[in-house]
Amino acid sequence: KLASQYGDAKRGALLFVEDIDQEVLDEGEEDEVGADAQRKFRELLNTLDGIDTKGAQVFVIFTTNKDPRRFDPTFTRESRLDSIINFTMPDQDTAARLLRWYLSDRLDPTADITSASAQLAGLRPVSIKEVAAKAVLSAARRLPRDSDLNNLPTCIVNGADLDAALRVSKEQ
């Protein structure tokens, strides 16, 4: 299916495959998995090798949560993958910048986010975004009961809201 859709791309194509680790075998795993998994893996390799990139711009991006060094070397060899780019989890400074970005004008400029960003360091950006959303909900609880819920941009997040959001996130 993949080869028929992208294998003869003449004008170019961008193919994005999320969680490729669901299809790629780990090194030495071939003897441990069933015939179906082995067949699917060989099919993937043949598809990659069969994509005609001569005269066309075909850009393939794979994502994984695994360390790609664990993959079977037949998948990661240089003739198949041009480069492997590792992204590390956010450190404290990056977590603080992400909080500021996700909260933008809703963050109280005087709020101390040092503790929150320290606790968020090492977590995925989507988890930091979730904490920011929970902090907005915490701030919304301070609004008068008859507030216009369509007017939430006036809801300002402070340090206590971030602490509450972190507590809720840890409990879940």
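Residues numbered from 1 in each chain as written. Predicted model: local features only at pLDDT ≥ 70, side-chain atom pairs only at ≥ 80, totals over all residues. Heavy atoms only, no water.

1. Details of the side chain of Ser117
Piece 1. Along the polypeptide, Ser117 turns up in helix 5 (residues 114–120).
Piece 2. For Ser117, the residues in contact, after removing those within four places along its chain, are Gln92, Ala95, Ala96 and Leu99. (Helix = DSSP H or I, 4+ residues; strand = E, 2+ residues; numbered from the N terminus. Contact = heavy atoms within 4.5 Å.)

2. Examining the confidence of the model for the protein
Piece 1. On average, residues of the protein score 81 in pLDDT, and 80% of them are at 70 or above.
Piece 2. Ranking the elements of the protein by mean pLDDT puts helix 1 (residues 2–6) last, at 51, and helix 4 (residues 92–103) first, at 97. (pLDDT = per-residue confidence, 0-100.)

3. Things to note about the pattern of salt bridges
Piece 1. What the rule picks out here adds up to 4 salt bridges.
Piece 2. Between Asp67 and Arg69 there is a salt bridge, with the nearest N and O atoms lying 2.7 Å from each other.
Piece 3. Under the relative-accessibility criterion, Arg69 is labelled exposed at 70%.
Piece 4. Notably, a salt bridge pairs Glu130 with Lys134, separated by 3.1 Å at the nearest N-O pair. Here the residue Glu130 and the residue Lys134 both occupy positions in helix 6 (residues 125–140), the gap between them amounting to 4 residues, near one helical turn.
Piece 5. By relative accessible area, Lys134 is classed as buried at 15%. (Salt bridge = Lys/Arg side-chain N within 4 Å of Asp/Glu carboxyl O. Buried < 20%, exposed > 50% of the residue type's maximum accessible area, 1.4 Å probe, protein only.)

4. Quick word on the packing of helix 4 against helix 6
A pair of packed helices is characterised by two quantities: the angle between their axes and the separation of those axes.
Piece 1. Close contact between helix 4 and helix 6 brings their axes to 9 Å; oriented N to C, the two are set at 50°. Between helix 4 and helix 6, the interaxial angle falls into the category oblique. At the point where helix 4 passes helix 6, the crossing takes the right-handed sense. Within the contact between the two elements, helix 4 uses Ala95, Leu98, Leu99, Tyr102 and Leu103 and helix 6 uses Pro125, Ile128, Lys129, Ala132 and Val136.
Piece 2. Here the residues of the contact of helix 4 with helix 6 sort into 9 nonpolar, no polar and 1 charged. (Axes fitted to C-alpha atoms, helices over the stretch in contact; angles between N-to-C directions. Parallel < 35°, antiparallel > 145°, perpendicular 65-115°, else oblique. Left-handed = near helix turned anticlockwise from the far one by under 90°. Nonpolar A, V, L, I, M, F, W, Y, C, P; charged D, E, K, R; others polar.)

5. Quick look at unusual backbone geometry
Piece 1. Phi at Asp19 takes a positive value of approximately 55°, unusual for a residue other than glycine.
Piece 2. In this structure, Asp19 sits in the loop between strand 1 (13–17) and helix 2 (35–50).
Piece 3. Classification of Asp19 by relative accessible area gives partly exposed; the value is 30%.
Piece 4. Backbone geometry at Ser104 places phi at a positive 35°, although glycine is not the residue there.
Piece 5. Within the element layout of this structure, Ser104 appears in the loop between helix 4 and helix 5.

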